[in-house]
Amino acid sequence: MMARTASYVPKTDPGVPSFSLGLTDSSQEGASTQETEREKSPESANLIEQLDDLVQKIASSAAKGKNKSPQIQRETGGESSAKFQTPGGLYQITDDMKQKCYIWGTRLKEDADGNTNEYEEMCTLIGQGEYILMRMHLVSLQAKSDIESQIVSAICLILNQKNEKRFQEQIYCLPPILCMALSDHPKGEFISPKTKKEFRVEAYPSFIPFIDRKKLTSHPYIFAPVCHSGHWWLWLINTTKRKCHILDPLHKKAPSDERKKINKFTGYVFSRLITYADGEPLQKDENEKKIKASYVKISGQKTSYDCAIYVMKWMELIEPENIKKGKYEWDN
């Protein structure tokens, strides 16, 4: 598993995120039961039964797999992530159903001894390798929580598998290897104070299975999320023109000299990754350690905890060719 960037701290007031995910919390969730939900209306009773079926299916799949998590397979043109199979037939998941699934997935349970189920394996994403998400990762999706790096990595893997021209031919989302690299090079030092060595892709064997070497060199754009000191921002690399841009939800320029050093080290890491995949480096020889990236003026976060949400939505929506003259033009 990739390094965590945040620890879960239970929140008594879930609050409301400034960037909507299309999911809302329920003020009555903590006190309500299936019985009280069923008393409200036949429609809500039906939704609860559907959710029960879905939960039972997940639990059954896990049991059959000898405690392995159920797998989310690569989506094909004839399948839809908005549907699921139950004994009663094929149902369309409503917004209300999504809300209930969100609540179910982001709540920890505690037993009489005070132990929680935070390490319960929720699903396994199938990318270049198997990527396991635990409940504690989903819990970080609650409002006012710092999102775990595993969630950002999962979004990268999911977007890369979408059957769309955008991700199959144009944009490759690189899972955040910088979370690990910056733990060894915390201030952007090229020589790690911990290992006394320069960055090498081979030194991170747990990350290598999640690199799509073909897309890393074939796609004209790379989106690469970066996290340091609890803050996320996004690198956009134009591999054709060998240019780099930074989209930061909080800053329009490097906020400190340390960040400037981290940015130079980050550019070097991305260049090394492309070279590792048998592509051309962003710069040659020693210039590889002097790679510059311009900050893009773009509307950003309004709270202290939404940065990862912006980065994930930007990977999904930003049109790279609309970055002009140092700002993002919302032309389409």
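Above: the structure in question.
The structure displayed is predicted, hence computed values, not measured ones. (Residues numbered from 1 in each chain as written. Predicted model: local features only at pLDDT ≥ 70, side-chain atom pairs only at ≥ 80, totals over all residues. Heavy atoms only, no water.)

**Observations concerning the pattern of salt bridges**
Argument step 1. One pass over the structure, following the stated rule, counts eleven salt bridges.
Argument step 2. Between Glu-319 and Arg-166 there is a salt bridge whose closest N-O contact spans 3.8 Å. Here Arg-166 lies in helix H6 (residues 165-170) and Glu-319 lies in the loop between helix H10 (307-317) and strand S11 (323-324), a separation of 153 residues in the sequence.
Argument step 3. On the basis of relative accessibility, which here comes to 23%, the residue Glu-319 falls in the partly exposed class.
Argument step 4. Measuring nitrogen to oxygen at the nearest pair gives 3.3 Å for the salt bridge that ties Lys-313 to Glu-316. A residue pair is termed a helical-turn pair when its members lie 3 or 4 positions apart in one helix, as Lys-313 and Glu-316 do in helix H10 at three residues.
Argument step 5. By relative accessible area, Lys-313 is classed as partly exposed at 23%. (Salt bridge = Lys/Arg side-chain N within 4 Å of Asp/Glu carboxyl O. Helix = DSSP H or I, 4+ residues; strand = E, 2+ residues; numbered from the N terminus. Buried < 20%, exposed > 50% of the residue type's maximum accessible area, 1.4 Å probe, protein only.)

**With respect to unusual backbone geometry**
Glycine aside, a negative phi is what most residues show, and trans is what most peptide bonds show.
Argument step 1. Here Lys-144, not a glycine, exhibits a phi torsion of approximately 70°, which is positive.
Argument step 2. Here Lys-144 lies in the loop between helix H4 (135-139) and helix H5 (149-160).
Argument step 3. Lys-144 gets classed as partly exposed once you look at its relative accessible area, which sits at 38%.
Argument step 4. Phi is positive for Lys-325, which is not a glycine, with a value near 55°.
Argument step 5. Structurally, Lys-325 is set in the loop between S11 and strand S12 (327-328).
Argument step 6. For Lys-325, a relative accessible area of 88% gives the class exposed.

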